Amino acid sequence: MFAVLIRDLNRQDAGKYRFGLANNWNREINLKVQNDACCGTSKTVIGHLNKEVSISCDYTEEHKRPWKYLYKLNGHSADWVIFAMPGGNHKENNFYITDDKRLNLFTVTIRGLKEVDDKVQSSVRVSGFIGGRIMMKCRDPLENPKARFLCRESEGECPEKTYTNVQNEWQQNGGFSLYDDTSGKSLTVFFRNLSEGTYRCGVDVSEFTDQYREVNLEVKEDPCCVKIISQAGYIGETLSITCEHPPTLRASLKHFCKEDENLICQDIRAAGKYSLSDHSQPGFFTVTISNLTLRDAGVYWCGVETSEGDISYTSLTTKVQISIISSKVIGHEGDAVEIRCPYDSKYKQNSKHVCKDECFTENSDSLIPQRSTQNKTERFSVHDDITAGVFSVNISRVKAEDAGRYWCGVDTGDILMNYLSTQLQVVRKEVLRVFGRETLGVSVECSSRGESTESAGKFLCMGQQLASCDKGGVKVSSEKNRTGRFSLSDDAPAGVFTVAITDLREEDSGTYWCGEESFGSSIYTEVHLHVSKGPGSSVIITVFVCVTLMLLGASAGIFYRLKPQGSSSSDRTDISNSDRVSSAACDYEEVNHSGQHPDSDTSVYMNTSSPTNHSDKNTGNTKIQRMIYSKTGAGFPEIY
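Conventions and cut-offs
- Note on numbering: residues in each chain are counted from 1, in written sequence order.
- Where local features are concerned, this predicted model is filtered to residues with pLDDT of at least 70; where side-chain atom pairs are given and counted, the filter is 80 or more; whole-chain, interface and lining totals use all residues.
- No hydrogens and no water enter the side-chain calculation; it runs on all heavy atoms of the structure.
- Disulfide assignment relies on a single distance test, namely cysteine sulfur atoms paired within 2.5 Å.
- Secondary structure is summarised from DSSP: a helix means a run of H or I of at least four residues, a strand means a run of E of at least two, and numbering begins at the N terminus for each.
- Buried means the residue's accessible area, taken with a 1.4 Å probe over protein chains only, is under 20% of the maximum for its type, while exposed means over 50%, and partly exposed covers the values in between.
- In this analysis, strands are considered paired if DSSP registers two or more bridges between them.
- In plain words, nonpolar cores are sets of buried Ala, Val, Leu, Ile, Met, Phe, Trp, Tyr and Cys residues tied together by side-chain atoms within 4.5 Å.
- We call two residues in contact when some of their heavy atoms are within 4.5 Å.
- The axes are straight lines fitted to the C-alpha atoms, using for helices just the contacting stretch, and the angles between their N-to-C directions are given from 0 to 180°.

Enquirer: Explain the state of the cysteines residue by residue, including any values.
Expert: A complete count under the given rule lists 7 disulfides for this structure. At a sulfur-sulfur separation of 1.9 Å, the disulfide partner of C243 is C302. Of the two residues, C243 sits in strand 19 (residues 239-244) while C302 sits in strand 24 (residues 298-308), which places them 59 residues apart along the sequence. Each member of the pair, C243 as well as C302, carries the same accessibility label: buried. Shown here is the disulfide that connects C257 with C265, its sulfur atoms set 2.0 Å apart. Classification of the bridge connecting C257 and C265 rests on its S-S torsion, roughly 100°, and on that basis the disulfide is right-handed. C265 carries the same exposure label as C257, and that label is buried.

Enquirer: Any chance you could break down the pairing of strand 33 (residues 404-411) for me, citing the residues and the numbers?
Expert: Burial of strand 33 is extensive: 7 of the 8 residues sit out of reach of the surface. The sheet contact formed by strand 28 (residues 352-356) and strand 33 spans 5 bridges and is antiparallel. Bridge pairing in strand 33 places K356 opposite Y406.

Enquirer: Report on the nonpolar core, specifying residues and quantitative values.
Expert: In this structure, I241, F256, F391, I395 and Y419 are the most contacted members of the largest nonpolar core, which totals 49 residues. If one sorts the elements of this core by residue count, strand 34 (residues 416-437) sits on top with 5 residues. Those residues within four positions of I241 in sequence are excluded, and the remaining contacts are I229, Q231, F256, F285, T286, V287, I289, V320 and I322.

Enquirer: Which residues make up the sheet that holds strand 22 (residues 274-278), and what are the values?
Expert: Strand order in the open sheet formed by 3 strands is 19-23-22, with antiparallel pairing between adjacent strands. The sheet is open, and its two borders are formed by strand 19 and strand 22, each paired with just one other strand. Recorded for the sheet is a direction-independent mean angle of 25° between the axes of neighbouring strands. In the sheet, strand 22 pairs with strand 23 (residues 284-289) via 5 bridges, with the strands oriented antiparallel. Each residue of the ladder has a partner; that of D278, found in strand 23, is F285.

Enquirer: Lay out unusual backbone geometry with the relevant residues and their values.
Expert: Across the chain, the bulk of peptide bonds are trans and the bulk of non-glycine residues have phi less than zero. A positive phi angle, near 55°, is found at N104, a position not held by glycine. When you line up the elements, N104 lands in the loop between strand 7 (95-100) and strand 8 (105-110). By relative accessible area, N104 is classed as buried at 15%. Look at T439: it is not a glycine, yet its phi comes out positive at around 75°. Mapped onto the elements, T439 comes out in the loop between strand 34 and strand 35 (442-447).

Enquirer: Please give an account of the sheet that holds strand 35 that cites residues and values.
Expert: The strand order 35-40-39-38 describes an open sheet built from 4 strands, whose pairing is antiparallel. With one partner strand each, in any of the chains shown, strand 35 and strand 38 (482-483) form the two edges of the open sheet. Of the strand pairs in this sheet, strand 39 (residues 486-491) and strand 40 (residues 496-501) are connected by 6 bridges, and their pairing is antiparallel. Paired with L488 across the strands is V499, a residue of strand 40.

In structure tokens, the structure reads:
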């Protein structure tokens, strides 16, 4: 015996059909196709494992006499399951059928529902968190299913199925994406916008039948989730991230993934450079990324994985944005500087932007967006070299307030991803030149922006290059305002801080940097200190000259007294003037070893002087005077 199955019956199918074998047509059937409200409809019946479900079918008055059957479609065939005589009933295994001729209705009841009996193969509860994501995998044992699908139920029905049109490739569809994994015999669903409801994750067995898992998605709110954290690390170093999850899921498998260009979080545990470990505190685990590179920048998610039968899902709870810190860029006041932002080739067509300082807040805004290959504001300009994969930011006429941390970012469609951080350090145009003598002291007065010491750190470091301030060259700072012979005092309202150096030594000579750091903003002033030999040699010379003049004056006086009285009056006048000159020469002598008067730099000179007031408590101490030389006039210094 053989059977013929005709699908989607219509009036054109009506007519006579002959059945036979090997050209022996031994039977003829006349097929009539009618249109009746009772028939030609479909319904969905939902049952649960080990429970009971009933299927009712009504029929017309003319169908009271025929036997009643229940068939199950299996691929391209229809398998007979159970039958009943008119008005009778029958039991076959866990199937029971009864025909009610009075109601023109026959009913099939399936007891102890098993997966092979029902389209609903399992029902699971999946939990996510507000603002989070879910990665769900539905496995099925079918070798060659017709198609895999996802749909959301509405009043017990599935009005619209979303099919995977391609295999082994992600397919976007509104708030979720699908991946038909032929090797793993599974359908993976990535939910970006979580919405509570009942979903069906299944396969079409034939044109008329399907099998699916029922998924009840619930969205919770938990203090642990969902958070957004931002972390940055240096190229080549190791970065550690602390992820939080509900403490009740401590035994669950931990998960860490990275968003791709389609905003789908891809598992990266196989990459080798990532390691996950449980935290000592419940509800936390640690992720370590080793040997950071620019490609490690991006958006990541922490989560926990749960499995239940053929359904496994990962609830992503914490969003992590990782940025890479590049080398510092030094700009000089009044000059131009360039900040370079290399990017991955997959972002060639994305809009780029640059943000300064606080770039991870809701109110942050781009310093200058780039919506074409060229863009420019008053002092800032952007150029995107798509071929090289670099967009650059040029700042002209650099100002002190331009100092700070700049973030390079790309618009991924979902967020502005800040992936690269560059610190711009600004060196003031002013250069300080300070002169001192061994064993004495000197003070260096540095300009600042007048901020309070709580929000800005002041310091003095020594070294030919600015990088020495990062390599242990700091001599004294506002955090530790006295270190050996160096001390720092800050007058924030006046916009200055002063560094005093006592007991000067010749090795103190060299280049220094007055520095000021505030919330990632670093401003420097270059200082040149010249320490000459101690004051002893100058004092000896001065005393020798004074003694010599005094002896000459005394000798002249003796000679005058011994000389005959007939001498002229003019001789006496000259001798008197000579005596006054020698006395004046011993009153004050300015010590100046520089021999140079700079045109534009600010220079500080050390002068020694004899006290004129015996009540002065600083008798014999060294005085520091700032001397600025004018470019015009007689060239004499103005002392203040």
